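For reference, the chains in residue letters:
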Amino acid sequence: MLALHRQLNLVVLALVLLHALVFAFGMPGGSLLMAFVPGISGPQSLGYTLGVLALYLALILGPSYYPRDRIGRRTWLLAHQLAALSYAVALWHALALGTEIRIEGVARTLTLALQIPLLILIVVRLFRPRRAADQLSATLRRGRYAGPVGWIDGNGDG
């Protein structure tokens, strides 16, 4: 499952870069500056700036797994948990600029509704990690966290 998670992360990063390049070269008014430099985009500056920031957050935080031995587990864990921030910023980019959001009706409602479970899962994951080892707090990581009934600590014993 972890290997799939890492592979999907790399695929998503490639698709996000492709999205920026298609905008830069394929859209009227698009440019490399607008696609990769925050704050340059003119009248809809906030939406584009959020997209650029989401891109950089995803590129920095997404693949943080690979240098985790060099940066330390706590730094990696913080980066990994903050990677959800790139999703939130990208969502605001989509809400500000996305064609599926600008139209009315079922497509808009469905797009927004599908974000709710994912946002809930991100919040739960950030504030209630499944394993004690994923806690940002050193005290909680040392095993002083009892957790809810039925909670599994990653060693197979609850």
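Anything mentioned here points back to the structure above.
Residues numbered from 1 in each chain as written. Predicted model: local features only at pLDDT ≥ 70, side-chain atom pairs only at ≥ 80, totals over all residues. Heavy atoms only, no water.

Quick look at the packing of helix H3 (residues 45-61) against helix H5 (residues 73-97) now. It is the contact of H3 with H5, at a shortest axis distance of 8 Å, that shows an interaxial angle of 155 degrees. The orientation of H3 relative to H5 falls into the category roughly antiparallel. Judged by the sense of rotation from one axis to the other, the crossing of H3 with H5 is left-handed. Of the residues in H5, those touching H3 at Gly47, Tyr48, Leu50, Gly51, Leu53, Ala54, Leu57, Ala58 and Leu61 are Ala79, Leu82, Ala83, Leu85, Ser86, Val89, Ala90, Trp92, His93, Ala96 and Leu97. Tallied by class, residues from the contact of H3 with H5 come to 16 nonpolar, four polar and no charged. (Axes fitted to C-alpha atoms, helices over the stretch in contact; angles between N-to-C directions. Helix = DSSP H or I, 4+ residues; strand = E, 2+ residues; numbered from the N terminus. Parallel < 35°, antiparallel > 145°, perpendicular 65-115°, else oblique. Left-handed = near helix turned anticlockwise from the far one by under 90°. Contact = heavy atoms within 4.5 Å. Nonpolar A, V, L, I, M, F, W, Y, C, P; charged D, E, K, R; others polar.)

All right, on to the environment of Leu118 then. Residue placement: Leu118 occurs in helix H7 (residues 106-127). When the C-alpha positions of Leu118 and Tyr87 are compared, they lie 9.8 Å apart, and in sequence the two are 31 residues distant.

This part takes up the environment of Ala58. Along the chain, Ala58 falls in helix H3. Spatially, the C-alpha atoms of Ala58 and Val16 are 8.8 Å apart, while their sequence positions differ by 42 residues. Excluding its chain neighbours within four sequence positions, the residues that come into contact with Ala58 are Leu13, Pro63 and Ser86.

Attention now moves to helix H1 (residues 2-26). When the terminal C-alpha atoms of H1 are compared, their 35 Å separation across 25 residues agrees well with the 36 Å that a helix rising 1.5 Å per residue should span. All of the buried residues in H1 are Leu13, Ala20, Phe23 and Ala24. (Expected span 1.5 Å × (residues − 1). Buried < 20%, exposed > 50% of the residue type's maximum accessible area, 1.4 Å probe, protein only.)

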